[in-house]
Amino acid sequence: MKQWECSVCGYIHEGDEPPQNCPVCQADRDKFFEITAQEDSSAEETASASVPPSDVPDVPLEPLSMGEKLAELLVEKHLHAISVHSPNGIIPVAVIFLVLNVVLKFSGLENAIYYNMIAVLIGMPPVIATGYITWQKKYGGAKTTLFKIKIAASSAATVILFGLVIWKTMQPEILSTPSIDRWLFLMWSLLLLATVGVAGHLGGQLVFAKKSAQE
Ligand SMILES: [Zn+2]
């Protein structure tokens, strides 16, 4: 049985041929390389190598700039996975509060909803920055369907969240006044939850790609 690794996300496929598309990140089949074959050929090369190692010119490693070091550390320490806990954890709570407030008329939750949304908004720049750097560094900025949807969903989430905070700031009474506006506010918040859910779900697929493949 041959093994093929997706060069984008690291998913490992077992079979005679690579899959048409990566089931995790949707990369094309030409992004797959055969793991076993590559190991074999490198072993043969080493065995038949007649060139002494000293003849191989040493390529001096270019010192990494401060920014590159920081970016590597950030990817290594999974700072994106950590920072996304703020939108992924708080937005569902804010939306539950909002449903309780609008549908079941639980007053007193308005400020909690508002401050939760502000807290997430403040936490968004690190989420976006670490997400972008992780995408570039770890996945080579691959533009597969998965990444396109993930970026679109995250961008939509950021815009909607920003809009909701501005809306509640301009119209502080929106949730306490019975009107169509509060239902529109709820509808946009549900959309926000959906976009955050999509981005988070795809992120989870990427993170667990290797683990599920090796099971
Ligand atoms: Zn992949």
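It should be noted that the structure appears before, not after, this text.
Overview of the structure. Small disclaimer: the values here were computed from a predicted structure and weren't measured.

### Some remarks on the environment of Val165
Turning to step 1, where the next piece is worked out: Among the secondary structure elements, Val165 is positioned in helix 6 (residues 145-170).
Turning to step 2, where the next piece is worked out: What makes Val165 partly exposed here is the crowd of 16 C-beta atoms within 10 Å.
Turning to step 3, where the next piece is worked out: In this structure, the C-alpha to C-alpha distance between Val165 and Leu121, residues 44 residues apart in sequence, is 8.3 Å.
Turning to step 4, where the next piece is worked out: When sequence neighbours within four positions are dropped, the list of residues in contact with Val165 reads Met117, Ile118 and Leu121.

### Side note on the packing of helix 4 (residues 85-102) against helix 7 (residues 180-207)
Turning to step 1, where the next piece is worked out: Between helix 4 and helix 7, whose axes approach to 10 Å, the crossing angle comes to 155°. When the axis of helix 4 is compared with that of helix 7, the two are roughly antiparallel. The crossing of helix 4 and helix 7 is left-handed. Contact residues: helix 4 offers Pro87, Asn88, Ile91, Pro92, Val95, Leu98, Val99 and Val102, while helix 7 offers Arg182, Trp183, Leu186, Ser189, Leu190, Leu192, Leu193, Val196 and Gly200.

### Looking at helix 2 (residues 66-76)
Turning to step 1, where the next piece is worked out: In terms of residue burial, helix 2 counts as a barely covered element, since only 0 of its 11 residues are buried.
Turning to step 2, where the next piece is worked out: Among the residues trailing helix 2, His78 stands out with phi positive, at a value near 55°.

### Details of the sheet that holds strand 3 (residues 32-34)
Turning to step 1, where the next piece is worked out: Taken in spatial order, the 3 strands line up as 2-1-3 in an open sheet, and their pairing is antiparallel. If you trace the sheet from one side to the other, it starts and ends with strand 2 (12-14) and strand 3, each paired once. For this sheet the average axis-to-axis angle between neighbouring strands, irrespective of direction, equals 30°.
Turning to step 2, where the next piece is worked out: Two elements, strand 1 (residues 3-6) and strand 3, share 3 bridges in a ladder whose sense is antiparallel. Residue pairing for strand 3: Cys6 is matched across the bridge by Phe32.

### Observations regarding unusual backbone geometry
Turning to step 1, where the next piece is worked out: Within the chain, Gln26 stands out as a residue other than glycine whose phi angle is a positive 65°.
Turning to step 2, where the next piece is worked out: By the secondary structure assignment, Gln26 is in the loop between strand 2 and strand 3.
Turning to step 3, where the next piece is worked out: Phi is positive for Lys105, close to 60°, though the residue is something other than glycine.
Turning to step 4, where the next piece is worked out: As for its position among the elements, Lys105 is in the loop between helix 4 and helix 5 (110-139).
Turning to step 5, where the next piece is worked out: A residue is classified by how many C-beta atoms lie within 10 Å of it, and Lys105, with 8 of them, is exposed.

Calculation criteria
Residues numbered from 1 in each chain as written. Predicted model: local features only at pLDDT ≥ 70, side-chain atom pairs only at ≥ 80, totals over all residues. Helix = DSSP H or I, 4+ residues; strand = E, 2+ residues; numbered from the N terminus. Buried ≥ 20, exposed ≤ 12 C-beta atoms within 10 Å, placed from the backbone. Contact = placed C-beta atoms within 7 Å. Axes fitted to C-alpha atoms, helices over the stretch in contact; angles between N-to-C directions. Parallel < 35°, antiparallel > 145°, perpendicular 65-115°, else oblique. Left-handed = near helix turned anticlockwise from the far one by under 90°. Pairing = 2+ DSSP bridges.

These figures come from the coordinates and say nothing about function on their own.
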